[in-house]
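# Coordinates in review
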Amino acid sequence: MKMKNRNYVSKLILKKTSKFLKISICLFAFSLILITLFLNVFFNQYLQMKKDFVDNDNIHIIEISTFQVNKSFSRELNFDDKNIISKLITDYNKEIDFTVINEYQLNFGIENDSGDVFFLYGLDDFGAKFLNKDILKDNYLYSSSLNVDKTTLNIPIIQINEGGLSSNTVQPVQFSVDSDIPSKTPLSIYETALEQTYISFNTYKHLIERIYNIKWDNFVSKYNTDNKFGIQAIYKIFVYVENIKNVNTVAKILYENGYSTNYTFKSFDNFDQSIKNTIFISGALITLVFIIASIYIILSFNSYLRVQQKDMGILKHYGYTKQQIRKLYSHNINIIFAGMSIFMLIIIIGVTMLLINTQLIKYIFIISACVYFPMFIINRIISYFMLNIYVKKDIYTLLKSSKEFE
Amino acid sequence: MKDIILKNISKSFGMKKILNEINFTFEAGRFYVLRGASGCGKTTLLNIIAGYYTPDFGEIISEAKIEYLFQDELLFTNLTVKENMLIKLYSNPNASEPDDTLLISILEKLNIPDLLNCKIAFLSGGERQRIELANILLSNPDVVLLDEPTAKLDTENKKNILDLLTSAFSGKTLIVSSHESGLFPDTYTPLLLERGKLLYENEK
């Protein structure tokens, strides 16, 4: 049969598409729109959750400020605590991926030439991540509020006497300034104090050596045994836990071993379970809507084909072969699905652009795949299996069945 | 060979034997009227000749192109006469779009030249029957089977349709089933189907 003739006859047959089928197709399209909305809301929630929790460094961080020796006494953190904390976590579970970072401090402010006072905090190398840097350079000050390229700090030279500490001289040291850091970092979420100026661990080390005229190793050993330097060198220790599922566990281990902890995740005790429940419920809802919509559309097409039995009988009577009739009807079914696909693509693009604003193409593709794959399966079920059942019938059965149906 | 030769044709439905070892030759170019009481097997015999039923025993020998007019109307009522005729025409894989004049010339043979663009749903029963005959003429068959074509018509229309059949299908083999007697002119060879056997009526 010529393609042109087939298209013409298909078009004539399609004219007779029942109102019932048209309503069913509209309802099916409505179900698909609902599914598209569900998927969009689901991905939107997922992206929000990823942004708020998985990709949010604040959630991964546990801040430790003191060590509770007993109920009535707590001590400052010292240089041994970093190793102790690492060992506690590793002993509990070697699989937990974490990093321990010291935050060092000088307890006193240091003036620059203009009379501005800086409170310096040293960070271990891993701390660069929280200032959005790859590394912290030596002799650099990292402060979001400084608008100069360089500044000279007057470093006090401190002498330790029997009566205490004294300082008569200062040494000017020039620092480069990097102000391209966030004003609020995961290291300062619990800080209400003055703005912190960060320096690298090496810079901190050199400053200590210069201020106290002491080798770093000596400083560390003396600080841990008998701190006569008048400072609390280890201001805080941060534990960065890679997988947010382990944050609660790590915090619990530290707390049980005397470390006082602060962490954002405290308020989301069953977060992992919540995520799993959300995924399960969303998945189940989407699947349920799809199954109901699919059954409905398959039954609707079945009713349509039953109504069409008389027409199929007439076509057979006119001399059309089974194959020709199957092609005529599958052509029409494909046209209906193609129209629905175009309509759905517009809806998917529109809704996705409205609800998801990152990786748009990726999510349009995923959602389209989620909608089109089942549509394709339904199309095949209707245009192959169901249609064949009717086309195979002989003329008399087709005409008789249509009368019964009418 | 345009004759239709029935050899030992038998057909039963359940325990009831409808056709019993029928041997008959329908000669090309002749008109036959097949009579018999209701339920005697006239439609069954036409269905077997048309190939819609398979006989339980026996065979049909023929190379003729056969068209069949059912007792029930088989038209797409939501479409126009032209659209129905085109659907019929395009059942032939090699058919190309015809000129309207060809379609009208066929309708003229049936005295309904003005109905080409009318919707079937708006036509009378008699007009619809003529459209079905027009569809048959479109495929230019050698043999035309008509199952009770006069059953639903009034006396005047019965006469008209028989006149039309005579003129439109001249030169073709026409086998018409009917339970009515005295209606058909002498040009029709009367046959009688009785107790499963097919006889010339005047032989009875």
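Given the structure is predicted, the values throughout are model-derived calculations rather than measurements.

Our focus in this paragraph is the sheet that holds strand β4 (residues 57-61) of chain B. Residue and element names in this part refer to chain B. The antiparallel open sheet is built from three strands, whose spatial order is β2-β1-β4. Only two strands of the sheet have a single partner each, and these edge strands are β2 (16-26) and β4. Shown here is a sheet whose adjacent strand axes are inclined to one another by a mean of 20°, direction ignored. As paired strands, strand β1 (residues 4-13) and β4 are joined by four bridges and run antiparallel to one another. Considered in β4, the bridge of leucine 6 is made with isoleucine 60.

This paragraph deals with the pairing of strand β6 (residues 143-147) of chain B. All names here are of chain B. Counting buried positions along β6 yields five of five residues, so the element is predominantly enclosed. A two-sided burial pattern is seen for β6, the buried positions comprising Val143, Leu145 and Asp147 on one face and Val144 and Leu146 on the other. As paired strands, strand β5 (residues 66-69) and β6 are joined by four bridges and run parallel to one another. Looking at β6, one finds that tyrosine 68 is bridged to leucine 145. Across five bridges, β6 lies against strand β7 (residues 173-177) in parallel orientation. Note that in β7 the partner of leucine 145 across the bridge is isoleucine 175. Regarding topology, helix α5 (residues 155-168) serves as the crossover connection from β6 to the parallel β7, and that connection is right-handed.

With that out of the way, let us pick up the environment of A:Ile244. Considering the arrangement of structural elements, one finds A:Ile244 in the loop between β11 (234-241) and α7 (247-256). For the pair A:Ile244 and A:Phe53, spaced 191 residues apart in the sequence, the C-alpha separation amounts to 7.6 Å.

In this section: the environment of A:Gln105. Residues and elements named next belong to chain A. Tracing the sequence through the fold places glutamine 105 in strand β3 (residues 98-105). For glutamine 105, a count of 17 C-beta atoms within 10 Å corresponds to the partly exposed category. The sequence separation of glutamine 105 and isoleucine 208 amounts to 103 residues, and the corresponding C-alpha distance is 9.9 Å. When residues no more than four places from it in sequence are discounted, the contact partners of glutamine 105 are Tyr121, Gln232, Ala233 and Tyr235.

A common measure of how large an interface is: the accessible area buried when the components associate. Residue-level contacts link 16 residues of chain A with 14 residues of chain B. At the level of secondary structure, the elements contributing two or more residues to the side of chain A that touches chain B comprise α1 (3-14), α9 (309-318) and α12 (395-405) of chain A.

Below, the discussion takes up the confidence of the model for chain A. Summing up the model confidence of chain A, the mean pLDDT is 85 and the portion of residues at 70 or higher is 95%. Ranking the elements of chain A by mean pLDDT puts α12(A) last with 75 and helix α4 (residues 81-92) of chain A first with 94.

Calculation rules
Residues numbered from 1 in each chain as written. Chains lettered and ligands numbered in written order. Predicted model: local features only at pLDDT ≥ 70, side-chain atom pairs only at ≥ 80, totals over all residues. Pairing = 2+ DSSP bridges. Helix = DSSP H or I, 4+ residues; strand = E, 2+ residues; numbered from the N terminus. Axes fitted to C-alpha atoms, helices over the stretch in contact; angles between N-to-C directions. Buried ≥ 20, exposed ≤ 12 C-beta atoms within 10 Å, placed from the backbone. Right-handed = clockwise from strand over helix to strand, strands pointing away. Contact = placed C-beta atoms within 7 Å. pLDDT = per-residue confidence, 0-100.

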